[in-house]
Number of protein chains: 2
Amino acid sequence: MRVIFNQELQQLGSDLQSMAQQVATAIERAAESLRHGDIIIAEQVIDADERINDLQRDIDDMCVMLLARQQPVAGDLRNVISALRMAQTLERQGDLARHIAAIARGRYPEPPVPEPVLGLILQMADHAVKAGQDVVRLIETQDLSLAAQIQTNDSELDALHRRSFQMILDPANELSRQQVVDAVLMGRFLERFGDHSTSVARRVAYLVSGQPVPETHDAEDADALH
Amino acid sequence: MRVIFNQELQQLGSDLQSMAQQVATAIERAAESLRHGDIIIAEQVIDADERINDLQRDIDDMCVMLLARQQPVAGDLRNVISALRMAQTLERQGDLARHIAAIARGRYPEPPVPEPVLGLILQMADHAVKAGQDVVRLIETQDLSLAAQIQTNDSELDALHRRSFQMILDPANELSRQQVVDAVLMGRFLERFGDHSTSVARRVAYLVSGQPVPETHDAEDADALH
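Residues numbered from 1 in each chain as written. Chains lettered and ligands numbered in written order. Predicted model: local features only at pLDDT ≥ 70, side-chain atom pairs only at ≥ 80, totals over all residues. Heavy atoms only, no water.

The next thing to look at is the overall build of chain A. Across its full length, chain A holds 7 helices and 0 strands. If you list the helices and strands of chain A from N to C, you get α-α-α-α-α-α-α. Compactness check: chain A gives a C-alpha radius of gyration of 19 Å against a globular reference of 17 Å for 226 residues, within 12% of the reference. Counting the 226 residues in chain A, one finds 57% classified as buried. Considering only contacts in chain A between residues 6 or more positions apart, those separated by 24 or more positions represent 82%. Accessible surface, chain A: about 9,100 Å² in total, of which carbon and sulfur atoms supply 50%. Charge separation in chain A, taken as the distance between the mean sites of 21 positive and 35 negative side-chain charges, equals 3 Å. (Helix = DSSP H or I, 4+ residues; strand = E, 2+ residues; numbered from the N terminus. Rg over C-alpha atoms; globule rule 2.2 N^0.38 Å. Buried < 20%, exposed > 50% of the residue type's maximum accessible area, 1.4 Å probe, protein only. Contact = heavy atoms within 4.5 Å. Areas by Shrake-Rupley, 256 points an atom, 1.4 Å probe, with all protein chains shown as cover. Lys, Arg positive; Asp, Glu negative; His and termini not counted. Charge placed at Lys NZ, Arg CZ, Asp CG, Glu CD.)

Take a look at the structure:
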């Protein structure tokens, strides 16, 4: 029984890893579609999101099945519950990558916003891409220095997000209303993507160390509004 | 043992109900702070969010404790996992109500946006308030006609959200850039609030009927972007 359970936990771990990898690819491509105005890549991101959603359903079913059949306790229970939550978070990140790609596609062949706002949004996108990649490596290696790195990266992303509002409001930057709308939405999606990566990092850190890492309940995010 | 477990499940249900009630109050007050430019009420919403976050932590701890000690199966297991997820969703709704109140506070004593955009945002807020109230009644009564009502209300909210973009882009509506930013963010927060209510409604429907209700994975939300 225990052998089977261990195999199932391993399967769960590898499914989560594969889901994190697909999310990392999605945000990389979403960033690329913004940077190069590439509608083909934008559409790949949009289409691929269905597979991320399917993976979440699979992981969910597997977790519920494991809880019912194996009735895990202690560390195993923590593992299964964390998997449930990480899958939910990763699914949401897939949605956010899709939303960004949808903006790139919607404005094609123009970039959604002109410079210098575009440059700032791309810098935010680079941070989101890094977050996605670090989460894959963190799940793979359980190296907690990566968890700390993801948090630092996210603080930088939040700072860029605050700067994006200043830039959007600066009358020296010529922007149509559509461009203001797009810049606000892209900023928000990227900032949320980063928050979710931090949330996954916190869960992995908790699993590895056994120490709960307090949630910040997106205080940063609220601060960015005024 | 079973008697204790039933008591604990009941406690869990009443904690969820209390959390849903606090979220409903938060969105009601956030809407009021927008409608009347009331900074006192806006601050109440912001301060009260900490209690919603605490409730989530309590429900989380209780669910994990129940899973570890009682090792529930079948319907009981489904109940506990759903409680975990609903608490997470309600916590997020509390954040969104807080963000809306933060915008109202940040622009005080002016309303964040002028008419007719304000009117549309307030209509969206009314739908969010209705969603919050219906979720409380749904958790209390388990009356599935409410779940259907929540979904219909959310479709209307999505339609209003799409209209908000048209209104924001219409040059006939005089808006500063700050007002465009605020309108986009408020629209987004309200629309997400509605999505989360639908997600809670779906989970309750699943618990009551035993039939999974497919997630829409916020397709509507993506549609609103182009």
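What follows deals with the pattern of salt bridges. Summed over all chains, the structure comprises 27 salt bridges over all chains. Close ionic contact of E50(A) with R57(A) constitutes a salt bridge, the shortest N to O distance being 3.6 Å. Ionic pairing is found between D49(B) and R98(B), a salt bridge with its closest N-O pair at 2.6 Å. Of this pair, D49(B) sits in helix α2 (residues 39–70) while R98(B) sits in helix α3 (residues 74–107), and the two are 49 residues apart along the sequence. Taken individually, D49(B) and R98(B) each receive the classification buried, so the pair is uniform in this respect. Salt bridges sharing common partners tie together D49(A), R92(A), D95(A) and R98(A). (Salt bridge = Lys/Arg side-chain N within 4 Å of Asp/Glu carboxyl O.)

Bringing helix α4 (residues 117–141) of chain B into the picture now. In this model, α4(B) (25 residues) spans 36 Å end to end at C-alpha, consistent with the 36 Å of a helix rising 1.5 Å per residue. Positioned one or two residues after α4(B), Q142(B) has a phi angle of 55°, which is positive. (Expected span 1.5 Å × (residues − 1).)

Before going further, it helps to spend a moment on the relation of the copies chain A and chain B. Each of the two copies of the chain can be brought onto the other by a rotation about an axis and a shift along it. Screw-axis analysis of chain A against chain B gives a translation of 0.0 Å along the axis, an RMSD of 0.0 Å, and a rotation angle of 180°. Put plainly, the chains are arranged around a two-fold axis. For chain A, the residue whose C-alpha comes nearest the rotation axis is Q71(A), separated from it by 2.8 Å. An overlap of 100% is found between the interface residues of chain A and their copies at the interface of chain B, pointing to a shared contact surface. (Least-squares fit on C-alpha atoms with pLDDT ≥ 70 in both.)

In short, shape yes, function no, at least from these values alone.
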